[in-house]
Amino acid sequence: MNLPMDTETAVEVADLSVMAADSAGARRPIVDGVSFTIARGEVAALIGESGSGKTTIALSLMGFARTGCRIAATRLRVGRTDVLALKRRELAAFRGRNVCYIAQSAAAAFNPARRILPQVIEGTAIHRLMSRAAAEAKAIALFHALALPDPEGIGARFPHQVSGGQLQRLLAAMALITEPELLILDEPTTALDVTTQIEVLRAFKRVVRERGVTALYVSHDLAVVAQIADRIAVLRDGRMQEAAQTSHLIAAPEHPYTASLLAAAAPTPRAAPAAAEAPVPLLDIRGLVAGYGAVRSSGLPTVPVLHNVDLSIRQGSAFGVVGESGCGKSTLARVIAGLLPPARGSIRLEGESLAGRAAARTREQLRRIQIVFQMPDVALNPARTVARIIGRPLVFYHGLSGAALRRRTAELLELVHLPTSLAARYPGELSGGQKQRVNLARALAAEPSLVLCDEVTSALDTVIGAQILDLLAELRERLGLSYLFISHDLATVRALCDEVMVLYAGRRVESGRRDTLLRRPVHPYTELLLSSVPELRPGWLEMVPPVPAARGIAAGMGGRGCPFFPRCPHGIPDLCAREPPPLRMLAKGAEIACHRSEEDLLALQSQKSATAAMPPPASVSTCRELQCP
Amino acid sequence: MSEAAPALHRRLRRRGRNAGAGLVGAAIVGLWMFAALAAPLLAPHGEAAIVSNTVFGPMSGRFPLGTDYLGRDVLSLILYGARYTIGLALAATALAAGSGVVLGSLAAASGGTLDAVLSRAMDTLISLPGLMFALVMVAALGSSVPVLIATAAVIYTPGAFRIARSLAVDINAMDFVVVARARGEKTHTIMFEEILPNMVLPVLTDFGLRFVFIVLLLSSLSFLGLGIQPPAADWGSLVRENIQGLGYGAPAVIMPAVAIATLTIGVNLLIDGFAGGRRREFADGH
Ligand SMILES: Nc1ncnc2c1ncn2[C@@H]1O[C@H](COP(=O)(O)OP(=O)(O)OP(=O)(O)O)[C@@H](O)[C@H]1O
Ligand code: SF4
Ligand SMILES: [Mg+2]
């Protein structure tokens with residue numbers, strides 16, 4: 001089991017194949033002849049779409065094959081261990097001691113009923129590595145290194161008392177405490193908001209460098225990987241397409257597939273058809289207040305989510321809504337669709353006032369607004385065929401039947417570029433991208449004027465997501481549709497929309513035309529959001545100025561002041577915490593809600609970018625190391 | 001973390017065992033169904049014919065399962081009794097599960113007051129002790145096939161309702177139902193088109209369980225002499241009528257009990273197989 005120590009390479013994989021048995025019993029490779037090595041202290045990345053075999057490879061490094069799969073390799077070595085030669089018992093000791101795994105969902109890795117610290121140091125007790133006190137001291141040192149707030153006290157909390165980004169870092173501490181020979185990170189930031197992701201990435205990178213950890217980073221996101229990995233291997237259908245130094249791979253991809261991944265990572269704006277100037281906007285919302293829970297005597301719901309939102313969507317335009325998770329984007333879509341009656345405010349469809357509840361709207365009004373959801377898996381009834389799913393709105397709104405119904409169904413499938421032979425299938429028999437197309441076809445069947453798209457590309461791979469964006473742009477041009485396009489991903493919003501609204505904690509903080517808003521943000525939150533989107537160039541992470549330490553949530557809570565105040569780098573201590581920010585029309589035509597004037601904010605921005613060009617004093621040492629190799 | 005791996009293996013192994021158990025269960029249940037349907041063809045003697053002078057006779061070539069306290073053929077009695085035991089239980093189960101599912105999904109799909117009223121009503125029903133309620137019903141209305149079916153159905157509807165409602169509440173929150181609601185669909189369309197088709201498998205599983213309970217309830221009623229009335233006899237009454245034979249170890253009292261046991265075990269095995277198969281479908285889908 002113990003191999004001669006090779007001081008240079010920490011991981012060696014030669015000709016790794018993983019065979020899976022399909023339902024018919026036939027064997028099919030899901031990983032096919034993959035070879036690579038990882039040097040000691042190096043961070044290697046595996047990148048590819050879902051189903052390309054990235055996680056399978058990562059798991060086989062721990063000697064773990066999914067049910068029905070078999071691993072074969074001429075060499076599979078981690079540290080001094082020949083993984084394939086390990087027996088069951090030895091495997092259990094090997095995992096968690098020699099190799100640690102950080103998965104996408106930190107919440108699933110923690111027991112919600114136990115405090116965090118004992119869970120973090122559990123590995124040291126299982127493998128009998130050190131005393132409890134030593135382990136706790138070490139955990140706290142790791143919390144410091146991972147830039148967690150209140151490193152001494154955070155371990156006493158329960159998992160639900162910390163944020164998702166913090167939990168992900170605590171999971172990293174749990175993995176690193178046994179000082180494994182290899183750390184595997186499987187999409188560790190994919191479920192996080194960009195603003196959180198950047199903090200987690202920064203923390204990961206710092207520990208990895210400081211402690212010389214050897215790591216394998218698995219992701220679909222090239223821009224993220226470019227920040228942290230020394231080398232990148234591109235996978236597709238279980239085969240290695242290309243492997244190169246990060247800067248080299250990004251500057252000069254050799255394989256066409258790598259080039260297509262690079263292209264999908266930075267989507268180009270789809271051409272927008274010239275919108276006809278209609279006198280009345282298609283959808284006009286004024287002073288919208290909405291939320292969940294019982295309505296209190298003040299007329300407001302117990303959990304208010306949206307506060308005084310105004311928006312107006314022109315005929316034929318694509319209106320983007322961006323903001324962090326939980327800011328109320330989906331709630332907005334639900335209100336417009338009539339699924340959640342607003343507490344206050346008006347909604348007008350071409351000047352006609354809409355009732356709050358769908359049941360009180362006319363069928364014609366219902367037909368004109370259709371909603372498309374994020375998760376293709378739950379958006380389609382699994383017990384109905386595609387034909388029946390698409391056919392239902394045709395029957396319901398247009399009264400079609402028989403041959404006309406079949407013809408129109410086939411037309412709709414064609415419209416979303418699906419073969420008509422799919423009509424007889426059940427949703428379980430479709431791929432994610434196909435499901436999302438059926439999902440769209442069902443909305444289009446109603447012949448709507450406005451389609452509410454709630455994160456329609458978020459659950460899809462970048463390349464498939466880009467195809468759906470293309471389809472949306474094409475449909476808009478062919479059918480004159482308007483969209484309310486909700487996303488947490490600025491790149492997709494930029495690709496499709498011509499007007500954008502930024503929501504923060506249920507309030508509109510900035511809105512305006514795409515080009516002005518996304519190229520020259522004015523509001524401090526928009527600026528933070530934009531500067532947090534990873535860029536496809538190594539070293540970007542070090543260039544972004546770190547977010548200032550939160551002022552303490554209490555500072556901005558409860559009051560009527562600016563909700564962004566606790567995180568705002570330019571907040572004016574007394575004013576912003578107490579007074580609601582006024583709306584300001586900007587010279588470029590956008591609107592912001594902020595106490596500071598446009599000139600003020602722009603001046604502050606240029607000041608900040610000037611200081612950011614130099615390494616911030618707090619992390620001088622790490623930056624120097626990284627920038628001058 | 002990596003702890004997921006062994007758990008997965010264990011699940012897979014359990015699943016393999018389930019599939020085999022399911023087949024055995026299906027065979028047992030199938031045999032009993034066939035016996036009930038084909039009783040007149042299979043039974044060597046008439047339903048109530050006294051064919052022997054020996055009471056509590058042993059197993060023999062002529063009377064494969066011996067004779068009962070009147071000298072009737074036990075095999076024939078069990079075959080004919082299967083019709084009552086299985087037929088009654090099936091009817092009552094269908095009634096209980098059917099009304100439970102319809103009311104449960106109606107409650108979930110409409111929500112609000114209707115949901116609250118139905119749920120409270122079912123809570124009240126479920127708090128009644130089942131056997132006591134049955135005794136009261138039979139005492140008040142006399143024992144007849146319709147009364148027995150209705151009684152068992154009333155007792156087991158609330159359980160079916162609860163399960164169906166919680167299933168329907170889950171499905172109701174799924175995006176495809178939300179889309180249907182935003183489309184303006186009426187409650188009954190949402191119920192029959194979107195919710196019910198996705199409840200079939202779990203409801204079938206529940207159906208099997210409820211069937212077992214009802215078989216046992218009706219058998220106990222018959223054992224107390226309040227079920228099927230002579231000369232007709234279901235398995236429960238056969239056990240009661242021949243209870244004196246217990247001292248002699250007569251097959252006449254043991255065999256009907258064995259019949260009840262095999263039927264309930266068979267249905268249980270079949271359900272397990274079902275649930276295992278369903279889990280596999282889920283796992284493959286992802
Ligand atoms: N049914 C509900 N009852 C109570 N609170 C809810 C309910 N649904 C959502 N919320 C809360 O309302 C807030 C806004 O939720 P919403 O789904 O609109 O966010 P979002 O911007 O769409 O987030 P994401 O990007 O994660 O989808 C959140 O704080 C959420 O927890
Ligand atoms: S109002 Fe104050 S706290 Fe809010 S964004 Fe503007 S400067 Fe920052
Ligand atoms: Mg949402």
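Residues numbered from 1 in each chain as written. Chains lettered and ligands numbered in written order. Predicted model: local features only at pLDDT ≥ 70, side-chain atom pairs only at ≥ 80, totals over all residues. Heavy atoms only, no water.

Would you take a moment to explain the pairing of strand β18 (residues 450–454) of chain A for this structure?
Residues in a regular strand project their side chains so that they alternate between the two faces of the sheet. All names here are of chain A. Across the 5 residues of β18, 5 count as buried, placing the element largely inside the fold. Of the pairings in the sheet, the one linking strand β17 (residues 369–372) to β18 comprises 4 bridges and is parallel in character. Its bridge partner being in β18, Val372 is matched across the sheet by Cys453. As paired strands, β18 and strand β19 (residues 482–487) are joined by 5 bridges and run parallel to one another. From the neighbouring strand, Leu452 faces β19, where its bridge partner is Leu484. In this view, the connection linking β18 to its parallel neighbour β19 by way of helix α18 (residues 462–479) has right-handed handedness. (Buried < 20%, exposed > 50% of the residue type's maximum accessible area, 1.4 Å probe, protein only. Helix = DSSP H or I, 4+ residues; strand = E, 2+ residues; numbered from the N terminus. Pairing = 2+ DSSP bridges. Right-handed = clockwise from strand over helix to strand, strands pointing away.)

Got a minute to help me understand the site of ligand 2 in this structure?
In the vicinity of ligand 2, the contacting residues are His523(A), Pro524(A), Cys562(A), Phe565(A), Cys568(A), His570(A), Gly571(A), Cys576(A), Pro581(A), Cys594(A), His595(A) and Arg596(A). A per-class count over the shell around ligand 2 returns 7 nonpolar, 4 polar and 1 charged. (Near = heavy atom within 4 Å. Nonpolar A, V, L, I, M, F, W, Y, C, P; charged D, E, K, R; others polar.)

For this particular structure, what's the right way to read the site of ligand 1?
Residues and elements named next belong to chain A. Taken together, Tyr292, Val305, Glu324, Ser325, Gly326, Cys327, Gly328, Lys329, Ser330, Thr331 and Glu455 make up the full set of residues adjacent to ligand 1. One nitrogen or oxygen atom from the side chain of Ser330 is found 2.6 Å from an oxygen atom belonging to ligand 1. Isolated, ligand 1 exposes 640 Å² of accessible area, and the fraction of that covered by the protein chains is 57%. Per element, the largest residue contribution to the shell around ligand 1 is 3 residues, and it comes from helix α12 (residues 329–336). Of the residues in the shell around ligand 1, the class split is 3 nonpolar, 5 polar and 3 charged. (Polar contact = N/O pair within 3.5 Å; in protein donor to acceptor, adjacent residues only side chain to side chain. Areas by Shrake-Rupley, 256 points an atom, 1.4 Å probe, with all protein chains shown as cover.)

For this particular structure, what's the right way to read a nonpolar patch on the surface?
Residues and elements named next belong to chain B. Together, Leu131, Leu135, Phe223, Leu224, Ile243, Leu246, Ile254 and Val258 give the surface a local cluster of nonpolar side chains, amounting to about 640 Å² of exposed area. Elements with a contribution of two residues or more to the nonpolar patch: α5 (130–141) and α11 (251–285). Its location among the elements puts Val258 in helix α11. (Patch = residues over 30% accessible without salt bridge, like charges linked within 9 Å, V, L, I, M, F, W, Y side chains within 5 Å. Salt bridge = Lys/Arg side-chain N within 4 Å of Asp/Glu carboxyl O.)

Structural measurements only, silent on function.
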